[in-house]
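Breakdown of the fold
Letter by letter, the chains look like this.
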Amino acid sequence: MRKLIVVLSLILMSVTSHAQQEDIPELKAHFSAIIVTEIDSSIVWYTKMLGFEIINKREFAEAGFKQSNLKRGTILLELIELDSALEPKKVIANYSSKTRMTGLFKIGFLVSDFDRLIQHLKENNAKFHGNIVVDEKTGKRMVIIKDPDENRIQLFEN
């Protein structure tokens, strides 16, 4: 009897959990925002390396920040330069490349022509973080590059 109650409880929790997931409306990625140390060099990097276009660029000196919106297809990217932003390597004792902070770790993009983009990045001296690796399940390649502020961008072969 006890086993039957446990089994029925598990079934009920599974059905309830599935019903809750169906009640949540669909989500689609809309945009990402990145705090950068120098907005102009970041704009150049994202336009040159990844082909983003500038939608706008604004400065709010009284509030201590600059902001620019970039676009590539349906991907929107906001770059923000804040006077009050802290650079981890400047404020964390013993900071190293292995130090991790909570929050976003990397952003990822699917790439339609992986080889052509890799060639473009190499020709433009992009900073690669490790080597190209192959996913064992899909056989697709991926690599991580870093922007001027060391933010990780993972590129996936589509």
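Quick caveat, the model's predicted, so the values are computed rather than measured.

Further remarks concern the overall build of the protein chain. Scanning the protein chain from N- to C-terminus turns up four helices and nine strands. Secondary structure elements in the protein chain, listed N-terminal to C-terminal, are α-β-α-β-β-β-α-β-α-β-β-β-β. Looking at the protein chain as a whole, 24% of its 158 residues are labelled buried. Pairs at least 24 apart in sequence give 48% of the contacts found in the protein chain among residues at least 6 apart. Carbon and sulfur atoms form 55% of the exposed surface of the protein chain, whose accessible area is close to 11,700 Å².

This part covers the sheet that holds strand S1 (residues 31–36). The four strands are arranged S1-S4-S3-S2 in an open sheet whose pairing can be described as mixed. Only two strands of the sheet have a single neighbouring strand rather than two, namely S1 and strand S2 (53–60). The sheet shows a mean angle of 15 degrees between the axes of neighbouring strands, direction not considered. By the bridge criterion, seven bridges tie S2 to strand S3 (residues 65–72) in an arrangement that is antiparallel. The partner of isoleucine 54 across the bridge, within S3, is leucine 70.

Here we take up the pattern of salt bridges. Pairing is possible between side chains of opposite charge, provided their charged atoms come close. Across all of its chains, the model carries seven salt bridges by this definition. Salt-bridge contacts for arginine 116 lead to aspartate 113; the nearest nitrogen and oxygen are separated by 3.9 Å. Across the salt bridge formed by lysine 127 and glutamate 150, the nearest N and O atoms sit 2.7 Å from each other. Here lysine 127 is found in strand S6 (residues 127–128), whereas its partner glutamate 150 is found in the loop between strand S8 (141–146) and strand S9 (152–157), with 23 residues between them in sequence. Residue classification places lysine 127 among the partly exposed residues on the basis of a relative accessible area of 42%. Residue class for glutamate 150 comes out partly exposed when judged on its relative accessible area of 31%. Through salt bridges with shared partners, a single network forms among Asp115, Arg141 and Glu157.

Right, let's talk about the pairing of strand S4 (residues 75–82) for a bit. As judged from the six bridges shared by S1 and S4, these two strands associate in the parallel manner. Among the inter-strand pairings, phenylalanine 31 is bridged to a residue of S4, identified as leucine 76. Strand direction decides the pairing type here: S3 and S4, joined by eight bridges, are antiparallel. Note on S4: the bridge partner recorded for arginine 72 is isoleucine 75. In this structure, the hairpin formed by S3 and S4 is closed by a connection of two residues, where glycine 73 is found at a positive phi of approximately 60 degrees.

By size, the foremost hydrophobic cluster in this structure holds 24 residues, and its most contacted members are Tyr46, Leu50, Leu79, Leu121, Ile153 and Leu155. Element by element, the count of residues in this core is highest for helix H2 (residues 39–50), at six residues. With near-sequence residues (within four places) excluded, leucine 121 lies in contact with Met49, Ala126, Phe128, Ile145 and Leu155.

Let us look at H2. With 12 residues, H2 extends 16 Å between its outermost C-alpha atoms, agreeing within 8% with the 16 Å of an ideal straight helix rising 1.5 Å per residue. Of all the positions in H2, only Ile39, Ser42, Ile43, Trp45, Tyr46, Met49 and Leu50 are classed as buried. The arc that holds the buried residues of H2, viewed along the axis, is 165 degrees, so those residues lie on one side. Downstream of H2 by a residue or two, glycine 51 has a phi angle that is positive, lying close to 75 degrees.

Calculation criteria
- Residues numbered from 1 in each chain as written.
- Predicted model: local features only at pLDDT ≥ 70, side-chain atom pairs only at ≥ 80, totals over all residues.
- Heavy atoms only, no water.
- Helix = DSSP H or I, 4+ residues; strand = E, 2+ residues; numbered from the N terminus.
- Buried < 20%, exposed > 50% of the residue type's maximum accessible area, 1.4 Å probe, protein only.
- Contact = heavy atoms within 4.5 Å.
- Areas by Shrake-Rupley, 256 points an atom, 1.4 Å probe, with all protein chains shown as cover.
- Pairing = 2+ DSSP bridges.
- Axes fitted to C-alpha atoms, helices over the stretch in contact; angles between N-to-C directions.
- Salt bridge = Lys/Arg side-chain N within 4 Å of Asp/Glu carboxyl O.
- Core = buried A, V, L, I, M, F, W, Y, C linked by side-chain atoms within 4.5 Å.
- Expected span 1.5 Å × (residues − 1).
- Arc of directions from axis to C-beta.

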